[in-house]
Every structure is written in C-alpha cells, then in structure tokens.
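Residue-level structure breakdown
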Amino acid sequence: MKRLEYDLHIHSCLSPCGDDDMTPGNIAGMAALKGLDVIAVTDHNTCKNCPAVLHFAEEFGILAIPGMELCTSEEVHAVCLFPTLSEAMEFDAYVEKKLIPFPNNVEIFGKQLIYNNEDEATGMVENLLINSTEISFDGLWDLVRSFGGVMFPAHLDKNANSLLSNLGFVPPDSRFTAAEMRNLNRLPELVRQNPYLEKCLILQNSDAHQLGDIKEQGVTLEAEEKSVEGVIASLLKGKGL
C-alpha cells in the first residue's frame, strides 16, 4: 500500500468564487511546492478546466484526477471524480444540460475563466455555475458510477450546502463510501447521529479557492498504487481498506 498526500477538492478560477490566480498551472505548481502526491480540481458544476489541470499536473509530477463539485437539486454539494478525462468531459456535457440557466454577473459573482495548456484564459462560461442542477442527490451515486466515477458528499460539517445541513440526515438508501469533513473533532458527534458514516472513509480536503489554502501535508490516503484507478478504488472501498 502507498500513502498519498492528497487534496481532492480544489477550485480553479473557473468557479466564480475562485481567485483569478487559481489557474491550472498555479494550482499544480502550488501543490508540488506543498509536497502533495494527488490532487483533484473540482469546480462548481463543470470540468472544463480539467484538461489544463491534468496537463500541468503531469509537468509537475503530480497525479491529477478530473472532477467536479456538483450542486444537486437539493443544493447539496458532492465531489465527483472520474477515471479518465474523457469520462469527466462526458459527465460535464450531461451536467451542463441539467444546470439551471442563469446568466453570470461578473461584478457580483466573479469571472468563470477557462484556461488552456499555456495557462492562458481562452474563454468564459456565461451561465452562473454555482446554481443548482436538476440532478437529485437520490440516484447521484448510480449516475456517477455510470460514468466510471465515484462521488462523496462534500463538507458534511458545513452549515450550508452539505448533505446534513440541507437534508438533515443521511438517506437510508445511500451508497456512498467516503465523505468529506472540515473539522474531524466533530466526527464522533456526527457518527452518533448518523451511524451510516461509521463505514465511510473520511476525507479532509481544502475546498481551496485561494492558492495558499491548498492543503498542506499531514493527512494521507492509502492506495494500492499511485494512479487514478488506485485512488478511486480506495474511495470505493471506504473503511474496508
């Protein structure tokens, strides 16, 4: 087994709430400086900066997993990760059709910039990406698995846009095997209230919107190999690792 320093929830400048300096090249460079082994850039409801992220991650010797932070119809945030760029972009096209269309106001919400492999802005997404989609949390696991990926609910202990804050409980038919928390001190309390979490692999990611917030070393993920497939397999196993 390999122990991998990870950060699987990072926002680029494509997310309207992400700083303009969160370019794919800058993210990969900062992750390398911080000694991370694997990252995932998971912008709100889009994977359109994943091609550039994977390009720069390879240049810096870091493993990058293409992903997205999806906002469900219940406004629950879930991180979705995919084994290949092709499958991520297919999921991106699917979600784009399910995103409630509302024009972005750059002055209020921020830019939504698409970058190329030269770390140059080449376009902008016009509709606001932080809106909810028409995709329900119920069935999201099967949907993401149909694209070869894995999903986990984001920032469970957050007071907004989390599974527990918005639904109030873990649905009894849930199938997710990992979950994300910001403060592990609250884990015993949340497990008591939601015994389902006992079998989940608990992740600590940064949810970074600024370069300095990308996670430092210290919390690792065990995987049989340093590969996208190895990381996804570990997330699918949950605590059965």
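Let me begin by describing the structure that accompanies this report. Note that the structure is a prediction, hence the values are computed from the model and not measured. (Residues numbered from 1 in each chain as written. Predicted model: local features only at pLDDT ≥ 70, side-chain atom pairs only at ≥ 80, totals over all residues. Heavy atoms only, no water.)

**Quick word on the packing of helix H1 (residues 24–33) against helix H2 (residues 50–59)**
In helix packing, the relevant descriptors are the interaxial angle and the interaxial distance, both defined with respect to the helix axes. Just so we agree on the cut-off: Lines fitted to C-alpha atoms define the axes here, with helix axes fitted over just the stretch in contact, and angles between the N-to-C directions of these axes take values from 0 to 180 degrees. Every helix listed is a DSSP run of H or I at least four residues long, and every strand listed is a run of E at least two residues long, numbered separately from the N terminus. Here the word oblique covers every angle except those under 35 degrees (roughly parallel), over 145 (roughly antiparallel) and from 65 to 115 (roughly perpendicular). When the near helix sits turned anticlockwise from the far one by under a right angle, the crossing is termed left-handed; a clockwise turn instead gives a right-handed crossing. Note on contacts: a residue pair qualifies if any of its non-hydrogen atoms lie within 4.5 Å across the two residues. When residue character is reported, Ala, Val, Leu, Ile, Met, Phe, Trp, Tyr, Cys and Pro are called nonpolar, Asp, Glu, Lys and Arg charged, and the others, Gly included, polar.
In the contact formed by H1 and H2, the axes pass within 8 Å of each other and the chain directions differ by 40 degrees. Judged by the angle between their axes, H1 and H2 are oblique. Taken as a pair, H1 and H2 cross one another with a handedness that is right-handed. For the pair formed by H1 and H2, the contact residues are Pro24, Gly25 and Ala28 on the first element and Ala52, Val53, Phe56 and Ala57 on the second. A breakdown of the residues in the contact of H1 with H2 according to their chemical character gives 6 nonpolar, 1 polar and no charged.

**Considering the sheet that holds strand E10 (residues 220–223)**
Short version of the rule: When DSSP finds two or more bridges between a pair of strands, those strands are recorded as paired.
As summarised here, the arrangement of the 6 strands in space is E7-E4-E3-E2-E1-E10, forming an open sheet in which the pairing is mixed. The sheet is open, and its two borders are formed by strand E7 (150–153) and E10, each paired with just one other strand. Pairwise comparison of adjacent strand axes, ignoring direction, gives a mean angle of 35 degrees for this sheet. Where strand E3 (residues 63–71) meets strand E4 (residues 77–81), 5 bridges bridge the pair, whose relative direction is antiparallel. Residue pairing across strands places Gly67 opposite Leu81, the latter belonging to E4. Most of the contacts of H2 go to E3, to which it runs at about 155 degrees, and overall it touches strand E2 (38–41) and E3. Together, E3 and E4 form the strand contacts of helix H3 (residues 85–98), whose direction differs from that of E3 by roughly 15 degrees.

**Describing the packing of aromatic side chains**
Keep this limit in mind: Think of it this way: a Phe, Tyr or Trp ring, Trp meaning its six-membered ring, pairs with another when their centres are within 6.5 Å, and the plane angle makes it stacked under 30 degrees, edge-to-face over 60, tilted otherwise. Exposure classes here rest on a 1.4 Å probe applied to the protein chains alone. A residue is buried below 20% of its type maximum, exposed above 50%, and partly exposed in between.
On inspection of all chains with the given rule, the structure shows 5 aromatic pairs. Measuring from centroid to centroid gives 5.2 Å for Phe91 and Phe147, while their planes differ by 80 degrees, and the two rings are edge-to-face. Taken together, the residues Phe91 in helix H3 and Phe147 in the loop between helix H5 (140–146) and E7 connect sequence positions 56 residues apart. Classification of Phe91 by relative accessible area gives buried; the value is 0%. Where Phe137 meets Phe176, the ring centres are 6.3 Å apart and the plane angle is 75 degrees; that geometry is what we call edge-to-face. Linking Phe137 in the loop between strand E6 (121–124) and H5 with Phe176 in the loop between helix H6 (163–166) and strand E8 (178–180), this pair joins segments that are 39 residues apart in sequence. Just as Phe137 is buried, Phe176 falls in that class too.

**Examining the nonpolar core**
Our working rule: In plain words, nonpolar cores are sets of buried Ala, Val, Leu, Ile, Met, Phe, Trp, Tyr and Cys residues tied together by side-chain atoms within 4.5 Å.
Ranked by size, the top nonpolar core spans 53 residues in total, and within it Phe176 and Leu235 carry the most contacts. Beyond its immediate stretch of four places on either side in the chain, Phe176 contacts Phe137, Trp141, Met151, Pro153, Leu163, Val170, Tyr196, Leu197 and Cys200. One finds Ala31, Leu36, Leu211 and Ile214 within the second-largest nonpolar core, a separate group that totals 14 residues.

**Digging into H1**
Of the residues making up H1, those classed as buried are Pro24, Gly25, Ile27, Ala28, Gly29 and Ala31. Here the buried face of H1 lies against strand E1 (2–10), E2, H2 and strand E5 (113–115).

**Focus on the environment of Asn49**
Positionally, Asn49 belongs in the loop between E2 and H2. When near neighbours in sequence (up to four residues on either side) are disregarded, Asn49 contacts Ser12, Cys13, Leu14, Pro24, Asp43, Leu113, Ile114 and Tyr115.

**Some remarks on unusual backbone geometry**
Unlike most non-glycine residues, Glu75 shows phi in positive territory, near 65 degrees. Relative to the elements of secondary structure, Glu75 occurs in the loop between E3 and E4. Of note in this structure, Asp119 is not a glycine but carries a positive phi near 60 degrees. You can see Asp119 is positioned in the loop between E5 and E6.

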